[in-house]
Each structure stands twice: as structure tokens, then as C-alpha cells.
Amino acid sequence: MVIAPKTAGLVFYVSDIGRTEKFYNETLGLRLERMEGAEPYWLQASLAGGLDLMFFEMEATRGSSPAVVFNIEEGGIDDIVASLAENGVTIVTPVSEAPGGWSADFLDPDGFGLGLYQPEDKPRSLKR
């Protein structure tokens, strides 16, 4: 199974969500939307070309969390993760619940973290 996402997001794990919101809104002039569903809230900015910036308040060390998240809009995240594992890709976090959907994290050949995200209203498997 090949991943062919049409949109992607950059995920930032930040230590202070309020400080991040102020910086991106006031200093950079970027319009961030508060997203509910996680405590504390998380932030998202949708940029032209299908790229989203997402900010979550949580501890993370460099290299231990995904920096790029591919959106799987049609569903099938379980199938994709199984295919990645069958092809020898290191799965860091198996498919698990995420705000509004499902996510999984894996490593590229150089050890860079990548992630998948799928909305909850889509089927986790497309196999019949």
C-alpha cells in the first residue's frame, strides 16, 4: 500500500501553549485557531497548499516525536501501518486515538519521525 497524501501538517510540541499562541499571532501575524478536545486546547493554522501547523502543549525530546504528519483523508490507517511494518519500517506508536481521529508514528530510514493522521469518521481499514 502506498501513501499518497494530499495534505500534511507540521506538528510542534511546545512547553507553553499560551506563549506559543501569543508569539505566532502577535509577532508573526499568523492566525491560529484554538481546537478543543485535548487539555489544554491545541492550536492549528491552515496555510495555502494544504499544509497545517499544529501546536500541542506536551513534553518531547528532539527526534522522539513526529515533525511531519501526513493526513490520510480517505481512511485505511490500519492497512497503511501494517504495510509499513511489513516493509521493515520502524513503527514508533501504533494506531492510537488522537483528537478527532486516529494517528500512528513511524521512522524514515534516517530515524526522522513521521506520522499519520486519519479523521475518526473514516474506516480504519479499507480491506473487505
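It should be emphasised that the depicted structure is a prediction, and the values quoted were computed from it without experimental measurement.

**Digging into the pattern of salt bridges**
Enumeration according to the criterion identifies two salt bridges in this entry. With a closest N to O distance of 2.9 Å, Arg34 and Glu21 form a salt bridge. On the criterion of sequence distance, the pair formed by Arg34 in strand E2 (residues 33–35) and Glu21 in helix H1 (residues 17–27) is long-range, its members being 13 residues apart. Classification of Arg34 by relative accessible area gives partly exposed; the value is 47%. Between Asp78 and Arg124 there is a salt bridge whose closest N-O contact spans 3.0 Å. Of this pair, Asp78 sits in helix H2 (residues 77–86) while Arg124 sits in the segment after strand E8 (113–119); the two residues are 46 residues apart in sequence, bridging distant segments of the chain.

**Things to note about the packing of aromatic side chains**
Per the counting criterion, the structure on display carries four aromatic pairs. Considering the side-chain rings of Tyr13 and Phe56, the 6.3 Å spacing of their centres and the 55 degrees angle between planes classify their relative orientation as tilted. Here Phe56 lies in strand E4 (residues 51–57) and Tyr13 lies in strand E1 (residues 8–14), a separation of 43 residues in the sequence. The class for Tyr13 is partly exposed, based on a relative accessible area of 28%. The exposure class of Phe56 is buried, given its relative accessible area of 18%. With 4.6 Å between their ring centres and 50 degrees between their planes, Tyr24 and Phe55 make a pair best called tilted. On the criterion of sequence distance, the pair formed by Tyr24 in helix H1 and Phe55 in strand E4 is long-range, its members being 31 residues apart. A single burial state applies to Tyr24 and to Phe55, both of which are buried. Pairwise contacts between aromatic rings join Phe12, Tyr24 and Phe55 into one cluster. Over the ring of Tyr41 we find Arg34, and its NZ or CZ is 4.1 Å from the ring centre.

What counts, and at which threshold
Residues numbered from 1 in each chain as written. Predicted model: local features only at pLDDT ≥ 70, side-chain atom pairs only at ≥ 80, totals over all residues. Heavy atoms only, no water. Salt bridge = Lys/Arg side-chain N within 4 Å of Asp/Glu carboxyl O. Helix = DSSP H or I, 4+ residues; strand = E, 2+ residues; numbered from the N terminus. Buried < 20%, exposed > 50% of the residue type's maximum accessible area, 1.4 Å probe, protein only. Phe/Tyr/Trp six-rings, centres within 6.5 Å; stacked < 30°, edge-to-face > 60°. Lys NZ or Arg CZ within 6 Å of the ring centre and 35° of its normal.

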